[in-house]
Each structure stands twice: as structure tokens, then as C-alpha cells.
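Each chain, written out:
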2 protein chains.
Amino acid sequence: MNDKRMQEMLANLDVENPSEVCPIKDVLAAMLDKWTMMIVLVLGKHKVLRFADVKRSVVGISPKMLTKSLRTLERDGHVLRTVYPEVPIRVEYNLTDQGYIFLKKLVDLADWIVPHVPTIVKNREEFIK
Amino acid sequence: MNDKRMQEMLANLDVENPSEVCPIKDVLAAMLDKWTMMIVLVLGKHKVLRFADVKRSVVGISPKMLTKSLRTLERDGHVLRTVYPEVPIRVEYNLTDQGYIFLKKLVDLADWIVPHVPTIVKNREEFIK
DNA sequence: TTAGCAAGTATACAAAAGGATAGTGTTGTT
DNA sequence: AACAACACTATCCTTTTGTATACTTGCTAA
């Protein structure tokens, strides 16, 4: 991506729009939430998971936040929720194609930051302010 | 990025690590915060901005949150803060090379999500749960 | 008939994030 | 002497986020 293309995208995003409701920002913010991100990563790793599995994988999450985040992901089309009316009930979650692309972007970002992390952590320790 | 590479990255990220302190997650979370993201975008657009300029561009941010986010960005090496001891004092902010790569990843994510936003917003309206 | 499971809901509370706004320090201008 | 400019701090208060945990529902097995 060259600088001109970047400036086009930034104009498109309308970053300085004073409007309260900006769908792009909303959609992005919903995706980049802490818990949401972790859920997408574990679903990317395991392909299909039940509610309790996700809960186990996303260490420290409460059922309330898990439900909330999964619902948002489902609502925005990143995750597919499938209910099997067995007894006891079984519910499976997996990424949609759209969710899978989102995962790739996330992993791409992580891939780039990982080698920088030790330096950043070191800088943080020295940065007293 | 193929699936095998993805799985390697996910293993590397150690997404299911129960440890409270995971530097990778910390660094990512700090980057993907709502205000932080907006600041990176406006700095990408204008190259160099003073405190009051950033405040004007990031609509709705309070000085407290602006300072906090700028400090985090500086601490993590995404932003350079330059003080000119004039009177009145002048402080300039701009992205570092590292911050510029971060911006590219962010814009890349946005670039992909923008065409999906209308559908997502429509789905949200229909999704009553 | 009582127990038990899965997948949540509901409730109460605690912690963190964030908003509004006043104050600080320095020095040139009126 | 009062004021203004700038880049913040500090304080108070509200909102949001999150935790912990008890409860629900529907059916099945002991």
C-alpha cells in the first residue's frame, strides 16, 4: 500500500467526522475488543468449539462477557452459532468466511508485533512518566 | 498466509495461556484501544500534529484520555514526542516507522471491512436478541 | 423424584474507563 | 497588572465493563 492509497483510505474512513454515529468505527471497535479478539483467535485455532470449550480456552472470561462477545460476533457475521436440540443441548461456534479473514488480519498484526515485543517491554520498564 | 502458517502463529501467540501477564496480548490490546486507534489514524493523515491539533481531530476526546493514549503510544514506540521549549511551549507528535507499519495494518483492516459495513449494519437491525 | 448436564440468564457488586471542567506554570502582549 | 497561549494535571463524578455466583430450562438416567 503506497502513501497515496493510504491517504485515500483515510479520507474514506473520515477519521475526523464529528458525528456521534460512525458505523465504520463502531464495527471496527466491536471487532477489536479485548475478549472478542481472543475468541476469534481460539476459534481460528480449534475450528469448532462449544460454549464451555470457548470458556476454557479464553482464560478468565465470565459467562456473561462470553455470551455478550459471542452474540456481537454472530450479529456482525464473524461467527456462526449452531444449535443442536439434543439433551443436554449442544451449541457449536465457528468462524464464518468473513470471520476467517478477520482472523487473518489479526494474526498478521500479531505476526508483525511479536518480534518487537521484547523491545517494547524493555522500553516500558525504562519509561517512567 | 496459509492455514499451516496461521496455526504456527496461533501457537506462537499462545492464545490459551492462562498466565495473567502475556506481553503480546498487552501490546496488542494497547494498540487496538478505541482512542489510540483514532490517534494513529489522524497522525497518519497529517504527519505532524501538536497536542491541540490532535485534540481537534479526534472528535470528543478529553485532554485526560488524549494524554494517556499519547503516552502509551510513545512508550510503546509508535509515536515520537518532540518538545520545543519555546513560549508558549510547543509539542509535536508524529508516527515512528514502527507506528507507520501499525497504521498500515489498521488501514488494511478498515479497507477490508468498509464494503461490509452496510450489510453488517442491516444485519444488526434485524438481529433482535 | 431427585440429581445432573449444557448453555446460558439474572443479580449484585467491584473496578476501570471516561467525561467535564478547573487549575498550573511560564512568559510575552496590552 | 491583568490576560492570553499552550500543554498539560488534578479532581470529581458518571458510565461502562467486568467478576462472581446463583438460578433457569428441558430432558434423561438412577
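Residues numbered from 1 in each chain as written. Chains lettered and ligands numbered in written order. Predicted model: local features only at pLDDT ≥ 70, side-chain atom pairs only at ≥ 80, totals over all residues. Heavy atoms only, no water.

Moving on: the protein's contact with DNA strand D. The full set close to DNA strand D counts 21 residues, and A:Lys64, A:Met65, B:Arg50, B:Arg81 and B:Tyr93 are the nearest of them. The sugar and phosphate moieties of DNA strand D supply 72% of its atoms located within 4 Å of the protein. In the environment of DNA strand D, a phosphate oxygen lies 2.9 Å from a nitrogen or oxygen atom belonging to the side chain of B:Arg50. Between a phosphate oxygen of DNA strand D and a main-chain N or O atom of B:Val91, the distance comes to 3.3 Å. Counting residues per element, the ones that place at least two in the surface near DNA strand D are helix 5 (63-75) of chain A together with helix 4 (51-57), helix 5 (63-75) and strand 3 (90-95) of chain B. Among the residues forming the surface near DNA strand D, the class breakdown is 11 nonpolar, three polar and seven charged. (Near = heavy atom within 4 Å. Polar contact = N/O pair within 3.5 Å; in protein donor to acceptor, adjacent residues only side chain to side chain. Helix = DSSP H or I, 4+ residues; strand = E, 2+ residues; numbered from the N terminus. Nonpolar A, V, L, I, M, F, W, Y, C, P; charged D, E, K, R; others polar.)

It is worth spelling out the confidence of the model for chain A at this point. Of all residues in chain A, 98% have pLDDT values of 70 or greater, and the mean over the chain is 91. When pLDDT is averaged over each element of chain A, strand 3 (residues 90-95) of chain A comes out on top at 98 and helix 2 (residues 23-31) of chain A at the bottom at 86. (pLDDT = per-residue confidence, 0-100.)

This part covers the interface of chain B and chain A. With 61 residues of chain B in contact, the opposing surface of chain A contributes 61 residues. Taken together, both faces of the contact between chain B and chain A bury some 6,100 Å²; the carbon and sulfur share is 71%. For the interface between chain B and chain A, the tally reads 10 salt bridges. A:Asp108 is paired through a salt bridge with B:Lys105; the nearest N and O atoms lie 3.3 Å apart. Summed over the shared surface of chain B and chain A, the result is 18 residue pairs in polar contact (both at pLDDT 80 or more). Within the residue set of the side of chain B that touches chain A, elements represented by two or more residues are helix 1 (3-13), helix 2 (23-31), helix 3 (34-46), helix 5, helix 6 (97-113) and helix 7 (117-126) of chain B. Tallying contributions element by element places helix 6 of chain B first for the side of chain B that touches chain A, with 14 residues. Its residues assigned to classes, the side of chain B that touches chain A comprises 33 nonpolar, 10 polar and 18 charged. (Contact = heavy atoms within 4.5 Å. Buried area = accessible area lost by both parts, 1.4 Å probe. Salt bridge = Lys/Arg side-chain N within 4 Å of Asp/Glu carboxyl O.)

Turning to unusual backbone geometry, a few remarks are in order. Residue and element names in this part refer to chain A. Put simply, Val 87 and Pro 88 share a cis peptide bond, and its omega is -5°. Within the secondary structure, Pro 88 is located in the loop between strand 2 (79-84) and strand 3. Although it is not a glycine, Asp 14 adopts a positive phi angle of roughly 55°. Accessibility expressed as a relative area gives 36% for Asp 14, which makes it partly exposed. Positive phi outside glycine occurs at Lys 47, with the angle close to 70°. Counting through the fold element by element, Lys 47 comes out in the loop between helix 3 (34-46) and strand 1 (49-50). (Buried < 20%, exposed > 50% of the residue type's maximum accessible area, 1.4 Å probe, protein only.)

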